[in-house]
Each structure stands twice: as structure tokens, then as C-alpha cells.
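# Structural overview for review
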Amino acid sequence: MNYITRFAPSPTGFLHVGNLRTAIFNYVMAKKSGGQFILRLDDTDKVRSTEQFSDQIKRDLEWLGFEWDRCEKQSNRISLYEYAAQSLKESGYLYECFETPEELEFKRRKQLSMGRPPVYDRSSINLSTKEKLRLRSEKHGYWRFKLDQSRVEWQDGILGSVSVDSGSVSDPVLIRADGQFLYTLASVVDDIEFRINYVIRGSDHVTNTATQIQLLTKLGSSLPFFAHHSLLIGVKGEPLSKRMNNLSLKELRTIGLEPEAIFIFMAGLGSQNPPVPEITIEEVFKYFNLSKFGTTPTKFDSNILSLFSQKCLMRLSFDEIEKELNDLKIPIDIQLDFWDMAKENISKRSDLHDLWCLCVDGIEPSILAEDRDFIFLCKQLMPGYPRDKNSWIDWTNAIKSESNRSGKSLFLPLRKALTGQSSGPDMKKLFPLMQKIRL
Ligand code: GLU
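Here's what I pulled together on the structure shown here. Since we're looking at a predicted model, the values are computed, not measured.

### Focus: the sheet that holds strand S2 (residues 36–41)
Overall, parallel pairing links the three strands, which are arranged S1-S2-S3 in an open sheet. One side of each edge strand has no neighbouring strand; the edge strands of this open sheet are strand S1 (4–7) and strand S3 (70–73). Neighbour-to-neighbour, the strand axes of this sheet turn through a mean angle of 25°, independent of strand direction. Running over the sheet, helix H1 (residues 17–32) touches S1 and S2 and is turned about 160° from S1.

In C-alpha cells form, the structure reads like this:
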């Protein structure tokens with residue numbers, strides 16, 4: 001079957017790793033089935049949605065390699081929601097309400113104190129035409145969808161068989177008093193019109209799905225398949241919500257993580273076949289299988305993501321990194337040697353800059369008192385620039401025979417004096433590239 005899926009973020013903030021998982025699931029399912037992937041911007045909330053967030057969402061997705069077959073904004077589709085609302089009003093499934101938030105809260109508390117579930121009591125359904133006219137002269141009404149108070153069941157692509165008791169859910173508001181169409185109605189109208197046949201989203205939408213199944217049916221539509229993936233939690237089981245700003249795609253891009261690594265990692269996280277950095281994007285598409293994903297919350301560890309990024313970076317061919325090397329103005333004749341030295345010692349592309357600075361400017365060494373004489377001797381024996389691939393071995397052999405040091409007591413203070421670090425690149429590869437050494 002060719003799946004038509006959609007990813008429907010609200011442009012009220014930046015995309016984060018949690019949203020990305022939903023996007024990837026929908027994208028991979030559509031593309032691997034030869035179907036279509038639609039990007040839908042849920043921007044009916046005029047106050048919180050912005051053009052900047054919409055643009056950033058598209059930029060982030062493009063950076064990660066997404067290509068959509070269609071992009072739509074809900075704000076351009078209001079007339080379709082009006083049309084659907086009108087038909088629901090006419091068939092009596094949409095009813096007008098006038099209770100204030102305070103009145104609803106009062107009812108809710110009363111129900112709870114009586115040990116009853118706080119489900120809206122539908123008192124507005126029974127308002128007479130006269131009462132409605134009076135209330136309308138005082139304030140704008142809002143509109144609720146009259147749910148069938150029955151169980152809604154479906155076979156979920158991840159959760160298996162799901163059953164939700166709609167009798168324990170309040171009739172949802174579909175149109176606010178200010179006329180704004182809310183997500184539930186807008187989403188269903190669009191899903192019908194776009195012929196979406198697989199809806200994949202987070203498990204926080206399970207109750208919405210039950211409501212939307214009723215709404216789809218009332219609007220005369222067939223039902224798509226549904227799948228609800230688990231939500232992400234931190235490594236200690238904590239909710240990720242507070243850290244989502246640091247886990248926005250914009251931020252991950254700023255800190256220099258590889259888009260391919262992010263895609264591969266997020267596509268496999270929570271699956272019975274956990275992600276491995278060696279896998280390619282093509283293999284992700286080939287092996288992706290919704291039924292392999294677990295239903296319990298999925299741990300997200302940003303350190304593992306960084307490690308993935310590092311491994312993906314190491315795997316890049318010279319051609320794939322050449323642009324960065326040119327941007328750093330690394331002379332063409334040493335670019336290959338530089339990349340060969342650098343690739344195993346960077347976790348992000350921006351680390352190339354630091355390594356190149358080390359090659360060009362060296363560092364001001366801080367030498368322990370007990371190593372001063374030793375480093376002075378090293379300086380006397382140091383071969384001049386240009387150096388070649390044997391220079392390091394020749395130099396350290398000379399130092400060995402002229403001093404009483406060998407092994408760690410020779411290499412560690414020397415590495416620290418040259419690089420400022422106690423570990424790092426293979427010195428055989430780095431030393432010939434170091435144009436300035438400030439011993
Ligand atoms: N805009 C909704 C959200 O971001 C879309 C949910 C859905 O996929 O239907 O939660």
C-alpha cells in the first residue's frame with residue numbers, strides 16, 4: 001500500500017527531538033511505501049503561530065534531508081473547516097455552549113468531590129432557542145462536538161489493539177468563542193482532504209484519536225490507519241519537556257551535530273533493532289518497521305547522539321568534507337593529510353577549526369617545573385619545518401637517546417607541551433602539520 005502521511009507541527013516554537021521522531025516515522029513510512037509525505041503547518045492559533053517558526057521548521061527539516069510532496073498551512077484552509085462545521089451543526093453533532101471557564105471549573109470540582117469523572121455535563125445541549133438568543137446577545141458561544149458515549153477501538157500500528165471509552169471524555173470544543181477552529185476539527189478535515197491513510201503521532205494523542213475517529217465517521221470518511229509512538233524521557237526517566245530548548249534541532253545544528261547521525265539515531269531509538277552508527281540512511285528506510293517499536297517511554301541520551309554524530313563524521317569521505325577544509329583556507333596540498341589526522345579526533349565539524357588553529361598558531365605551552373629541562377632538550381633536538389611522516393619518530397628516538405626518558409614520561413609531557421592536551425591526534429600525523437611550535 002502507498003501510504004500518504006503527514007507531519008503536522010504547530011509553528012509556535014522550534015522543532016525538537018521529540019517532534020522529529022514523529023516526522024521521521026511519517027516520512028519513512030511514506031517514502032518506503034512509494035507514497036507521499038505532506039508537511040502541514042498547524043497555524044490556526046493566530047497569537048502563538050509565527051512565520052519565523054514556520055520557516056525555521058522547514059529549514060530544520062531540509063537540513064535533515066526531508067523532502068515533502070506538499071506543504072500546507074491550516075490558516076489558508078479556514079473555509080474548508082467552516083464548511084465541515086456547518087454540516088456538523090446541521091446534523092446536530094456540533095452544539096453551542098456558553099459556560100465561562102469559571103463555571104466549568106466549578107462543575108469540574110463538584111464532580112470530583114462527588115467521586116465522579118470530570119466530564120462535561122452537556123447542559124448546553126438542552127438550551128432552548130430563546131435562551132440561546134439571550135445568551136448570544138451577551139457573549140459569543142463556542143461549539144462542542146457531541147461524542148457517542150461508546151468505546152472506540154482500533155488496531156494500532158505500534159500499540160496493538162486499543163480501546164478508548166469516549167463516555168469518560170468531555171465533548172471536545174471544536175470552535176472557540178472567538179471563532180478559532182481548534183486542532184481536532186481542522187486536523188480531521190485536512191486528513192480527509194489530503195487522503196491521509198496513515199496517521200502516526202505520539203501516544204499523547206491516543207484520546208484525540210478516539211475523538212477523531214468519531215469525527216471522521218460523522219463526516220462520512222473512511223478511517224486511516226493509526227500508530228502512536230512512545231514519548232521520549234531522559235536517561236533517569238525524567239520528562240524531557242524542560243530540556244526541549246536544548247534539544248531543539250536549531251540548537252543541535254548550532255552545536256555541530258551531523259544531520260545524518262540525528263536522522264539515523266532518532267529513526268531507530270526505541271526499536272527492537274536499536275540504532276547503530278554504521279547504518280546508512282538507505283538501510284534505515286529498508287529496515288524500518290513500526291511494529292518493532294516498544295510502547296513504553298523511550299530513553300533519549302544526548303551523549304549517545306553526540307557519539308553517533310562523531311562516528312558519522314569519521315566516516316565522511318574527503319569529498320564530503322572538502323568544502324569545510326577550503327573554508328578554513330587549509331592549503332590544498334595538505335588537506336588530505338589534515339583530514340586523515342583530524343577525522344578521528346573531532347566530534348563535530350567546528351572542531352576542525354580548533355585543530356587547524358593548533359597547526360597554524362601552536363599553543364603557549366604550560367610546562368611543569370620538573371619537565372622544563374626535558375622540554376628544553378626536546379626543543380634543541382626538534383627537526384625544522386617542513387617535516388614529513390617520519391619526523392615524529394626520528395625526533396622522539398633522538399630524545400630517547402639523549403634523555404633518560406621513554407614511554408609515558410617522554411610522550412605525555414611532550415604532547416602536553418605541543419598541544420596543551422594529554423590526549424588527542426596521532427602525533428605522527430599531527431607533528432608534520434604543525435607550522436608553529438612555541439616551545
Ligand atoms: N499540531 C499537532 C501537534 O503538534 C498535530 C498532531 C497530529 O499529528 O495530529 O501535536
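Moving on from the coordinates now.
### Remarks on the nonpolar core
Within the largest apolar cluster, 49 residues are counted, with the highest numbers of intra-cluster contacts made by Phe-66, Ile-262, Met-266, Leu-290 and Phe-300. For this core, the secondary structure elements donating two or more residues are H1, S2, helix H2 (51–63), strand S9 (198–202), helix H8 (249–254), helix H9 (259–268), helix H10 (281–287) and helix H11 (302–314). Ranked by residue count, the leading element in this core is H1, at nine residues. Sequence-distant contacts of Met-266, that is, excluding residues within four places in its chain, are made with Val-17, Leu-20, Arg-21, Ile-24, Phe-25, Leu-232 and Phe-300. Residues Trp-339, Ala-342, Ile-375 and Ile-399 belong to the second largest nonpolar core, which totals 33 residues.

### Some remarks on the site of the ligand
Inspection of the region around the ligand gives Arg-6, Ala-8, Ser-10, Asp-42, Tyr-183, Ser-187, Arg-201 and His-205 as its neighbouring residues. At 2.7 Å from a nitrogen atom of the ligand is found a side-chain nitrogen or oxygen belonging to Asp-42. The contact in question runs from an oxygen atom of the ligand to an N or O atom on the side chain of Arg-201, over 2.7 Å. Computed on the free molecule, the ligand has an accessible area of 300 Å², of which 78% lies beneath the protein chains in the complex. Taken together, the residues of the shell around the ligand sort by class into two nonpolar, three polar and three charged.

### Considerations on the pairing of strand S4 (residues 94–97)
A regular strand places its side chains on the two faces of the sheet in alternate fashion. Every second residue of S4 is oriented toward a common face, with Leu-94 and Glu-96 on one face and Tyr-95 and Cys-97 on the other, all of them buried. Where S4 lies against strand S5 (residues 142–145), four bridges are found, and the strand directions are antiparallel. Looking at S5, one finds that Glu-96 is bridged to Trp-143.

About the thresholds
- Counting starts from 1 at the beginning of each chain's written sequence and moves along it residue by residue.
- Restriction of local features to residues with pLDDT of at least 70 applies here, the model being predicted, together with a cutoff of 80 or more for giving and counting side-chain atom pairs; totals for whole chains, interfaces and linings are based on all residues.
- To get the side-chain values, all heavy atoms of the structure are used, and hydrogens and water are removed first.
- Note on pairing: two strands pair once DSSP finds at least 2 bridges between them.
- In this description a helix means any DSSP run of H or I spanning at least four residues, a strand means any run of E spanning at least two, and both kinds are numbered starting from the N terminus.
- Orientation is described by lines fitted to C-alpha atoms, with helices fitted over the stretch in contact, and by angles between N-to-C directions that extend from 0 to 180 degrees.
- Note on contacts: a residue pair qualifies if any of its non-hydrogen atoms lie within 4.5 Å across the two residues.
- Buried Ala, Val, Leu, Ile, Met, Phe, Trp, Tyr and Cys residues form a nonpolar core when they are joined through side-chain atoms within 4.5 Å.
- Burial classification: accessible surface area is computed with a 1.4 Å probe over protein chains only, and a residue below 20% of its type maximum counts as buried, one above 50% as exposed, and the rest as partly exposed.
- Being near a molecule or strand, for a residue, means having at least one of its heavy atoms within 4 Å of it.
- For this analysis, a polar contact is any N or O atom pair within 3.5 Å, provided that within protein one partner can donate a hydrogen and the other can accept it, and provided that sequence-adjacent residues contribute only side-chain to side-chain pairs.
- What sets the accessible areas is the Shrake-Rupley method with a 1.4 Å probe; for residues, cover comes only from the shown protein chains.
- Residues are grouped as follows: nonpolar covers Ala, Val, Leu, Ile, Met, Phe, Trp, Tyr, Cys and Pro; charged covers Asp, Glu, Lys and Arg; every other residue, Gly included, is treated as polar.

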